[in-house]
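Notes for the structure review
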Amino acid sequence: MKFRSLKANEIDVFPKIVKESGCMALLYKDARCDMNILDETVGSMNWKREHMVVNNNLFCTVSIYDKEKEEWIGKQDVGVESFAEKVKGQASDSFKRACFNWGIGRELYTIPFIWIRLNKGETYKVEGKFKLNSNINFKVSKIKTIDGRITSLEIIDQKGNKRFSWDDKSIDENNGGIKVSKTSEESTRNKKVKKVYALAEKLAGFDKETMDGKVNDQYNKTEVKFLNNKELEEVLLKWEDFGSKKSK
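Residues numbered from 1 in each chain as written. Predicted model: local features only at pLDDT ≥ 70, side-chain atom pairs only at ≥ 80, totals over all residues. Heavy atoms only, no water.

**Notes on the layout of surface pockets**
The test is simple: With a 1 Å grid spanning the protein atoms alone, the term cavity applies to any set of points in which a 1.4 Å probe fits but cannot get out, the term pocket to an open set with protein on both sides within 12 Å along at least five of seven lines, and the term lining residue to any residue with an atom within 4 Å of a point. Grid points are joined across faces, edges and corners, and a volume is the space filled by probe spheres set on the points. Labels follow the DSSP assignment, with helices taken as runs of H or I lasting at least four residues and strands as runs of E lasting at least two, numbered in each case from the N terminus. Throughout this entry, Asp, Glu, Lys and Arg are counted as charged residues, while Ala, Val, Leu, Ile, Met, Phe, Trp, Tyr, Cys and Pro are counted as nonpolar. The remaining residues, Gly among them, count as polar.
When its volume is computed, the second largest pocket comes out at roughly 550 Å³. The wall of the second largest pocket is formed by 19 residues, among which Ile17, Val18, Lys19, Lys129 and Phe130 lie closest to the centre. Listing elements by their share of the lining of the second largest pocket, those giving two or more residues are β1 (12-18), β8 (129-132) and α5 (229-247). Of the residues that constitute the lining of the second largest pocket, the class distribution is seven nonpolar, two polar and 10 charged.

Given below as structure tokens:
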């Protein structure tokens, strides 16, 4: 069972961390997108979702009917409650996560670090934190994937202005999506991992074991080096932000 990649208009852009100079953005899909792709690929009568509570956590199982085996095949995941609607948020999140297990939108895990530079007047400050003005929003205008990996991405604002553009030059489109060289990418990642440890020790007195424990608590990864690119950039940005506030 293979699902197609998401289209640009099926992907939402969420500004997770907002600064006066710019914001770190994440890409995500909503539950309606998953439903539409399931209907499109297997037929509306050939999939189902079920929810159950385990240790106060809401799980969702998405099952697809296998005509050859004449049985339902299910994949399950747990949800995280939203700030707005606790129960509905958990139900939706667990469903989307279960669909990730089936492969729907899994390419979103390969997104690059997205930093959108902001213009003067696009933010306001509340209790020391910057927020985007309500009339500022972003959307994906172009996206390309090769073998389940995002290779190019473009984001525009509400006026159609290009605000972010990225191409993975290390992907050889004529060679089955195989990376030409990982040397530069690995070197950059290693530098960022070392910088996280250095900042954590300098700013908070964390040794390597303590920092890895923090990462394990938040991302369920045993060491900083096992974070994906998006997670690593997020952790590094938080430490750099903490350092800049501490120096003031």
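And the narrative resumes.
**A word on helix α1 (residues 31-42)**
Owing to its 3.6 residues per turn, the α-helix brings residues three or four apart onto one side. Note the following rule: Expected span, for any helix, means 1.5 Å times one less than how many residues it has. Accessible area is worked out with a 1.4 Å probe on protein chains only. A residue is then buried under 20% of its type maximum, exposed over 50%, and partly exposed in between. Along the arc lie the directions from the helix axis toward the C-beta atoms. Within 3.5 Å is the distance limit for a polar contact, defined as a pair of N or O atoms, with the added protein rule that one can donate a hydrogen and the other accept it, and that residues adjacent in sequence qualify only through two side-chain atoms.
The end-to-end C-alpha distance of α1 is 16 Å, a good match for the 16 Å that 12 residues give at a rise of 1.5 Å each. Every buried residue belonging to α1 is among Ala31, Cys33, Asp34, Ile37, Leu38 and Val42, and all of these are buried. Down the axis of α1, the buried set is contained in an arc of 155°. They therefore lie on one face. For α1, the side-chain oxygen to backbone nitrogen distance between the N-cap and Arg32 is 3.2 Å, and the N-cap itself is Asp30. Where α1 terminates, the next one or two residues include Gly43, which has phi positive at roughly 95°.

**A look at the side chain of Thr61**
The following threshold applies: What makes two residues a contact is simply this: any of their non-hydrogen atoms within 4.5 Å.
Note on placement: Thr61 falls in strand β4 (residues 57-66). Accessibility expressed as a relative area gives 16% for Thr61, which makes it buried. In this structure, Thr61 is in contact with Lys48, Arg49, Glu50, Gly74, Lys75 and Gln76, ignoring residues within four places of it in sequence.

**As for the sheet that holds strand β3 (residues 47-54)**
The following threshold applies: A pair of strands is labelled paired if DSSP reports no fewer than 2 bridges between them. Lines are fitted to the C-alpha atoms to define the axes, a helix being fitted only along its stretch in contact, and any angle between axes, read from their N-to-C directions, falls within 0 to 180 degrees.
Strand order in the open sheet formed by three strands is β3-β4-β5, with antiparallel pairing between adjacent strands. Across the chains shown, the open sheet's two edge strands, defined by having one partner strand only, are β3 and β5 (71-78). Geometrically, the sheet is characterised by an average inter-axis angle of 25° between neighbouring strands, direction not taken into account. Bridge count for β4 against β5 is eight bridges, and the pairing is antiparallel. In the sheet register, Thr61 faces β5, and the bridge partner there is Gln76. This element, α1, spans β3 and β4 of the sheet and lies at about 135° to β3.

**Description of helix α4 (residues 208-219)**
Given a rise of 1.5 Å per residue, 12 residues ought to cover 16 Å, and the 16 Å separating the end C-alpha atoms of α4 matches this to within 8%. Considered for burial, the residues of α4 that qualify are Met211, Asp212, Val215 and Tyr219. Mapping the buried residues of α4 onto a view down its axis gives an arc of 100°, with all of them on the same face. Turned more than 90 degrees away from the buried face of α4 sit Glu209 and Asp217, all of them exposed. Just downstream of α4, Asn220 is the residue with a positive phi angle, here 60°.

**Some thoughts on the pattern of salt bridges**
For clarity, the threshold we go by: The term salt bridge refers to a pairing of a side-chain nitrogen on Lys or Arg with a carboxyl oxygen on Asp or Glu at a separation within 4 Å.
Under the definition given, this model contains 16 salt bridges. The residue Lys192 makes a salt bridge to Glu233 at a minimum N-O spacing of 2.1 Å. Residue Lys192 is located in helix α3 (residues 183-204), and its partner Glu233 is located in helix α5; the two are separated by 41 residues in the primary sequence. For Lys192, a relative accessible area of 23% gives the class partly exposed. You can call Glu233 buried: its relative accessible area is 13%. Residue Lys221 is joined to Glu231 by a salt bridge in which the shortest nitrogen-to-oxygen separation is 2.8 Å. Taken together, the positions of Lys221 in the loop between α4 and α5 and Glu231 in helix α5 put the pair 10 residues apart, joining distant regions of the chain. A relative accessible area of 22% places Lys221 in the partly exposed class.

In short, shape yes, function no, at least from these values alone.
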